[in-house]
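Spelled out from the first residue to the last, the chains are:
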2 protein chains.
Amino acid sequence: MTAVLFHFPFDPGSRSARLALGEARIAVEETGVRPWEADCPVRDLNPSGMPPVLQTAHQGRPLTLCEANAIMGWVEDQQKTPLLMPADAGERAEVRRLTTWFDRRFTDEVNAVLLHERMEKPLLRLGPPEAQGLREGRAALREHLVMLEGLLGERDWLAGRRMSQADLVAAAHVSVLDYFGEVAWKSYPLLKTWYMRLKSRPCFRPLLADRFQGLAPAPHYADLDF
Amino acid sequence: MTAVLFHFPFDPGSRSARLALGEARIAVEETGVRPWEADCPVRDLNPSGMPPVLQTAHQGRPLTLCEANAIMGWVEDQQKTPLLMPADAGERAEVRRLTTWFDRRFTDEVNAVLLHERMEKPLLRLGPPEAQGLREGRAALREHLVMLEGLLGERDWLAGRRMSQADLVAAAHVSVLDYFGEVAWKSYPLLKTWYMRLKSRPCFRPLLADRFQGLAPAPHYADLDF
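It should be emphasised that the depicted structure is a prediction, and the values quoted were computed from it without experimental measurement.

A. Local environment of the state of the cysteines. Following the criterion strictly, the structure yields zero disulfides over all chains and no others. Here Cys40(B) stays free of any disulfide, with the sulfur of Cys66(B) as its closest cysteine sulfur at 12 Å.

Listed below in structure tokens is the structure:
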């Protein structure tokens, strides 16, 4: 049985799940869904109605994993040696702090404002973006990127000495905004180097091939050396 | 060195951390904080500025854990045998799905509306609660409680056959609303039995002794048999 991942290509949670599965080299059939449509198959699989959902098998029995958190946790549980969770207690705490940060703060302050204007409005035909939403969302994004730049001044990766779930979750969020040309890379040199390292990994390739209806990505979106 | 937990007694995340530490019998000194005040010590410890934060030591070195997710994860990492995460892959996925549900859906739909009216407004002196907020928050709460009642019709505990982080997180949220008399227990008999079992555990005792400024708890709040 081939595992099937139901995902929305521009949903940061879906991208987090794809990156973790890709890093672990777990082959899945990617099925894009549109969660706002009444016949979206995810509605019958996840009580929240939202992607990502992974249908797979575990020890010979079917297993349905709902939400990025469950998929990333399961991916890590499958590993004989830690892959995306560091062994060090302090770094593990940072991974968990940062994933919470993206799940709540970044989602509420940036995505709910800026992605609402740039992505949800065209998808749901809610009219053109509004200047105030764009301005507020971009101001919030700058604060978050400054924070990430600061962390990378102290560490190789966001949570410490090795790449972790925190990097994948952060890159998932940043990559969606980058598609829409919202990341002013020249202001964040450390973040740019970090993102280039991630972008060059095989797990990132499918994300760089995603295309949003009627809107080409920012020119550098799929360039590994930008 | 005694571990110190900075918490706000009516913050569901703080309560989740206290319950997990209590279940694991990890002794901590509980220091109540008021996160909205300028001199709150958590502001210097957690970039989000919010409790819970645990200051402890790990293998002889100081360790600061920010956010309930990091504290619960660390508690579990300390165990020789699983305590609050089931071994079964399907149940682990359910724990992670449900903690995501409470972190996002329950927080946004119930807490941000109903606890805003009942708790934040008096704390921040924002005036009396408004009827519309109360009505919407209570309608959302009913839907979430019906969902939990449904899960308990199929399972002993929320995520499966054993008590897990999902039960503690759910009980943390429900217990705050119960203080304010917002849970109509007679409509949810399975949830009531589940909550009585949790409430009787030693980890719950400190929560039942919490008191909110100027407001006594609902009469049954601290009764183990209500």
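B. Quick peek at the layout of surface pockets. Estimates place the volume of the second largest pocket at around 200 Å³. Residues of the lining of the second largest pocket, tallied by class, amount to five nonpolar, four polar and four charged.

C. Broad picture of the side chain of Arg18(A). Looking at the secondary structure, you find Arg18(A) in helix α1 (residues 12-23). The contacts of Arg18(A), once residues within four sequence positions are left out, are Leu5(A), His7(A), Pro9(A), Glu30(A), Pro206(A), Leu207(A) and Asp210(A).

D. The UniProt feature "domain: GST C-terminal" (unreviewed entry) in chain A, seen in detail. The UniProt record annotates "domain: GST C-terminal" (unreviewed entry) at residues 88-221 of chain A. The span residues 88-221 of chain A is 66% helical and 0% strand by assignment, and the distance between its end C-alpha atoms comes to 34 Å.

E. The arrangement of the domain arrangement of chain A in detail. Residue and element names in this part refer to chain A. Under the domain assignment, chain A is made up of domain 1 (3-77) and domain 2 (89-208). When each unit is reduced to the centre of its C-alpha atoms, the spacing between domain 1 and domain 2 is 20 Å. At the junction of the two partners, domain 1 supplies 15 residues and domain 2 supplies 20 residues. Buried area between domain 1 and domain 2, summed over both chains or domains, comes out near 1,600 Å², and the portion from carbon and sulfur atoms is 72%. Area buried by domain 1 at its contact with domain 2 is led by Phe 10, Arg 15 and Leu 19, which between them contribute 39% of it. The partner of Glu 23 in a salt bridge is Arg 201, with the nearest N and O atoms 2.7 Å apart. Across the contact surface, domain 1 and domain 2 share two residue pairs in polar contact (both at pLDDT 80 or more). Elements with a minimum of two residues in the side of domain 1 that touches domain 2: α1 and α2 (68-77). Looking at the side of domain 1 that touches domain 2, the element that brings in the most residues is α1, giving eight residues.

F. Spatial organisation of the pairing of strand β2 (residues 28-32) of chain B. Residue and element names in this part refer to chain B. One ladder, built from five bridges, connects strand β1 (residues 3-7) with β2; its direction is parallel. By the bridge assignment, His 7 is partnered in β2 with Gly 32. Once you follow β1 into helix α1 (residues 12-23) and on to β2, the crossover reads as right-handed.

G. Spatial organisation of the sheet that holds strand β1 (residues 3-7) of chain A. Residue and element names in this part refer to chain A. Reading across from one edge, β2-β1-β3-β4 is the order of the four strands in this open sheet, with mixed pairing throughout. Every interior strand has two partners, whereas the edge strands, β2 (28-32) and β4 (61-66), have only one. Adjacent strand axes in the sheet meet at a mean angle of 25°, parallel and antiparallel pairs treated alike. Helix-sheet contacts for α1 involve β1, β2 and β3 (53-58), and the interaxial angle to β1 is about 150°. Of the strands in this sheet, β1, β3 and β4 touch α2, which is tilted by about 30° from β3.

About the cut-offs
- Residues numbered from 1 in each chain as written.
- Chains lettered and ligands numbered in written order.
- Predicted model: local features only at pLDDT ≥ 70, side-chain atom pairs only at ≥ 80, totals over all residues.
- Heavy atoms only, no water.
- Disulfide = S-S within 2.5 Å.
- 1 Å grid on protein atoms, 1.4 Å probe; cavity = no way out; pocket = protein on both sides within 12 Å on 5 of 7 lines; lining within 4 Å.
- Points joined across faces, edges and corners; volume = space filled by probe spheres on them.
- Nonpolar A, V, L, I, M, F, W, Y, C, P; charged D, E, K, R; others polar.
- Helix = DSSP H or I, 4+ residues; strand = E, 2+ residues; numbered from the N terminus.
- Contact = heavy atoms within 4.5 Å.
- UniProt positions renumbered as here; feature names shortened; annotations may be inferred.
- Domains from an automatic or database assignment.
- Buried area = accessible area lost by both parts, 1.4 Å probe.
- Salt bridge = Lys/Arg side-chain N within 4 Å of Asp/Glu carboxyl O.
- Polar contact = N/O pair within 3.5 Å; in protein donor to acceptor, adjacent residues only side chain to side chain.
- Pairing = 2+ DSSP bridges.
- Right-handed = clockwise from strand over helix to strand, strands pointing away.
- Axes fitted to C-alpha atoms, helices over the stretch in contact; angles between N-to-C directions.

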